[in-house]
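Here's the letter readout for the chains.
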Amino acid sequence: ATGTFAMPLPPLSAGCLARSTVSSVLPAWRGPVTASAPRRDGRAAVATALPCRVNSQSQSRGGGLDLGNVNTIKRKTPLNTLMGLGPGARSRGALMTAEAVVRGINMTKQVDTAVMVAGRTRGRAGRDVAPHATAATGTGGDNGDGNDGEPILYTQRWVQLFYLSSLALLSDWVCFSVAATPGTWDAIFHHKAETLIDVFLFTNVIFCFLEPGIVAKLGLRKVIVGAGFLMSFGCALRSGIEINDFFPGTVMPPYLDEVVGTVLVGAAQPFFQCTPTLLSATWFGKDERALATSIAINANQIGIATSFIVGGIVFSQSESGMNEYFSLITFLALATSIGAAVQFKDAPPTPPSSSAAKKAGAVPVDPKPFPLLALDLLKTPGFLPPLVAFMVSIGISNAVSAFIGETLGRAGVDGVETIDIAGAGFQLAIMFGSIFIGGYVDKTKQYKLVTTVLLCTSLLLLFPIGAGATLDNGLVLASLVALGLVVGPIQPINAELAVEVAYPEDENAIVALQQVCGNLFSALLVPVLATAGAGEALGGVMQGDYALLEVIAVLGLLYFITFNAPLKRLAMDSEEAVKRV
């Protein structure tokens, strides 16, 4: 429809019209925040909705305009400029509305409605324009239904989180797919299963360096969808599925295909592994970010747990069983990638927080090369303690996962299925601990206190696992699961803490740096622990590998407690929240 429509205008506070000229934030979010008006020359002029703070007292008196001191508006500013109208959009209704607003200081009668000139509204402009415009300045209600001074949070954010987490889960499932069946793998290919995992991890580290620049150039949607299909193709190579015969066979493909397919999946994983904080900052509110990051970062632990259960227990220890197993992963990866291509989006129409809105409104600059940005981040006050905590967490969790068979074997735990279930329980505990503790941190913002408690608890739980040869099996298994509950949440919590202290730096680059450091640390730590495991400590009470992990945890804890830096992003969100009260 073309013509005019009436839209209720909430009470306006002083200076709100002046703020309407700062509308550069809104286009960055591609939100439907304007209404087109027909011009005499046939083209469309654009009327920008006015972002203003609701005056609850005026509203309770029956609505209307509370302009307060309108001297903040330059009187010589043309009415068309203030209203965002092109020179041709001089309809009588629009100009009367503009005059009424600008001369509001002389008005004694409250105005309940404002007339906007609309072009092609598609039948929903009256509903869409105001909520999206106000949300960008922090005054919209949840899902656009309210006007309570809070940014809009869209339900699409959970769809985004589902796809990113699912792809991360599948990528680590591929990485550790043969960890539970090393004997079968060795019998088929005459190569160690650890070699394939090393190939995956080293490829991952290389692409962690490249990932921030690619994301900055292409955007979140393109890289997630593209990486999903790249992973699917790698999985197809590993399972022997060909394009002209898309059905699993009974024989595994040549070893070279396995290596190339693993390299492709390893190249894709950083795009799922390094983007959780970017996704949470782009889509989630300030009280949801740690939870969203926890789910996305630790979804890979569910993938590792799945590899123990599905690969080690469900499928038979044979070549045909492994082929079916790899084909299942391929179909799941492809289905998830197709779903992401259909439903995954770049960004919401409006920012979910004041800090996100400020970043969106900043003048675009060319991103720095990742090595230079990494050096700047390392020099940022308060950045190193969360980086060290992240590295300690990922080092401990990867070491426990890599040597869980040997560890439980020393403790007298027998049976492949028992060890597989224990390994899956450890990974699941990491995920559940991250969800619950991450939610607590979202509410309290106690990053330092929570991380300190988690590191101390991890330090205590490492002892009974390392001394399993002299302790009851039940205590060892309980300690293993409890360790997962406390060591896993350290990673997402300190990823968010690093983003807080480095704001407004790129969230994606921050996590990429943490992942590079964490994975390199783990890669160096594993062979050292393999050697230390042959020795003993504390008079033979404890194995050497877990004694070394104890030392690492103590050093990490002592360094982390030196953290003392402002939470810049939280300060920005809190400042804007106070302004809206």
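Structure: above.
Residues numbered from 1 in each chain as written. Predicted model: local features only at pLDDT ≥ 70, side-chain atom pairs only at ≥ 80, totals over all residues. Heavy atoms only, no water.

Draft legend 1. Broad picture of the environment of L170. Secondary-structure assignment places L170 in helix α6 (residues 156-175). Residue classification places L170 among the buried positions, given a relative accessible area of 5%. When the C-alpha atoms of L170 and S232 are compared, they prove to be 9.7 Å apart, with 62 residues separating the residues in sequence. Residues contacting L170, with those up to four places away along its chain left out, are M231, L332, A333 and T336. (Helix = DSSP H or I, 4+ residues; strand = E, 2+ residues; numbered from the N terminus. Buried < 20%, exposed > 50% of the residue type's maximum accessible area, 1.4 Å probe, protein only. Contact = heavy atoms within 4.5 Å.)

Draft legend 2. Focus on a nonpolar patch on the surface. A contiguous nonpolar surface patch, about 410 Å² in accessible area, is contributed by L372, L375, L378, L384 and Y559. Counting residues per element, the nonpolar patch draws most heavily on helix α16 (residues 370-379), which supplies three residues. Mapped onto the elements of the fold, L378 is located in helix α16. (Patch = residues over 30% accessible without salt bridge, like charges linked within 9 Å, V, L, I, M, F, W, Y side chains within 5 Å. Areas by Shrake-Rupley, 256 points an atom, 1.4 Å probe, with all protein chains shown as cover. Salt bridge = Lys/Arg side-chain N within 4 Å of Asp/Glu carboxyl O.)

Draft legend 3. How the structure looks around the side chain of S280. Counting through the fold element by element, S280 comes out in helix α12 (residues 276-283). In contact with S280, other than residues within four places in its own chain, are R289, A292, T293 and E496.

Draft legend 4. Here's a closer look at unusual backbone geometry. With omega at 10°, the peptide bond leading from Y503 into P504 counts as cis. One can find P504 in the loop between α22 (490-502) and α23 (507-532). Although it is not a glycine, H190 adopts a positive phi angle of roughly 60°. In this structure, H190 sits in the loop between α7 (182-189) and α8 (193-218). Although it is not a glycine, K445 adopts a positive phi angle of roughly 60°. Note on placement: K445 falls in the loop between α19 (416-444) and α20 (447-466).

Draft legend 5. Examining α8 more closely. Compared with the 38 Å implied by 1.5 Å per residue over 26 residues, the 35 Å span of α8 between its first and last C-alpha is a close match. In α8, a bend of some 40° at L210 exceeds every other bend along the element, and P212, a proline, comes one to four places later. By the burial criterion, the buried members of α8 are A193, L196, I197, F200, T203, N204, V205, C208, E211, P212 and V215. Remark: G219 follows α8 within two positions and exhibits a positive phi of approximately 90°. (Expected span 1.5 Å × (residues − 1). Bend = angle between axes of the 7 residues up to and from the residue.)

Worth remembering: the numbers are spatial, not functional.
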